[in-house]
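Listed below are the residues making up each chain.
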Amino acid sequence: IETVINDVETDEFTRFQILEAWSKTDELRPSIAAQLINHISLESIDTAHLVTTVERSGLVTKDQLYEAYKAQAKRKNADNCFQSTPGYKTSDNVNDAKRSPDYVICD
């Protein structure tokens, strides 16, 4: 299952669903799946799925969920950090923003 999770070309939520389905087929598998959850980037899973499917699965700890939510919040803040003002250029490149007066970085 570790190979499948690492090699399948899909989003992190689908990887989680594969692992969760696998974990339900044998009573020993949930503990193995809980260890394999580290192969899945929980912060890349939509918050709505984290709150429902992932949290209810019992495969992740509260600490793992907290870290995923925290990473999402930081990423959202970083995504919103660049604010364009009228007549100013915008960029997704942080280094451009640091070097150029044409960019505004919010705190």
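Attention in this report is confined to the structure presented alongside it. Please read all numbers here as calculations on a predicted model, not as lab measurements.

### A word on helix α4 (residues 47-57)
The N-cap of α4, judged by a side-chain oxygen 2.9 Å from the amide nitrogen of Ala48 a few residues on, is Asp46. Immediately downstream of α4, the backbone of Gly58 shows phi near 80°, a positive value.

### Considering the environment of Val8
Mapped onto the elements of the fold, Val8 is located in the loop between α1 (2-7) and α2 (12-23). Assessed through its relative accessible area of 26%, Val8 is described here as partly exposed. When the C-alpha atoms of Val8 and Ile18 are compared, they prove to be 9.9 Å apart, with 10 residues separating the residues in sequence. If we skip the residues at most four places from it in the chain, Val8 touches Arg15 and Ile18.

### Thoughts on the environment of Thr3
Looking at where Thr3 falls in the secondary structure, it is placed in helix α1. In this structure Thr3 comes out as exposed when scored by relative accessible area, which is 53%. Measuring from C-alpha to C-alpha, the distance between Thr3 and His39 comes to 10.0 Å, with 36 residues separating the pair along the chain.

Here is what the cut-offs are and how they apply
Residues numbered from 1 in each chain as written. Predicted model: local features only at pLDDT ≥ 70, side-chain atom pairs only at ≥ 80, totals over all residues. Heavy atoms only, no water. Polar contact = N/O pair within 3.5 Å; in protein donor to acceptor, adjacent residues only side chain to side chain. Helix = DSSP H or I, 4+ residues; strand = E, 2+ residues; numbered from the N terminus. Buried < 20%, exposed > 50% of the residue type's maximum accessible area, 1.4 Å probe, protein only. Contact = heavy atoms within 4.5 Å.

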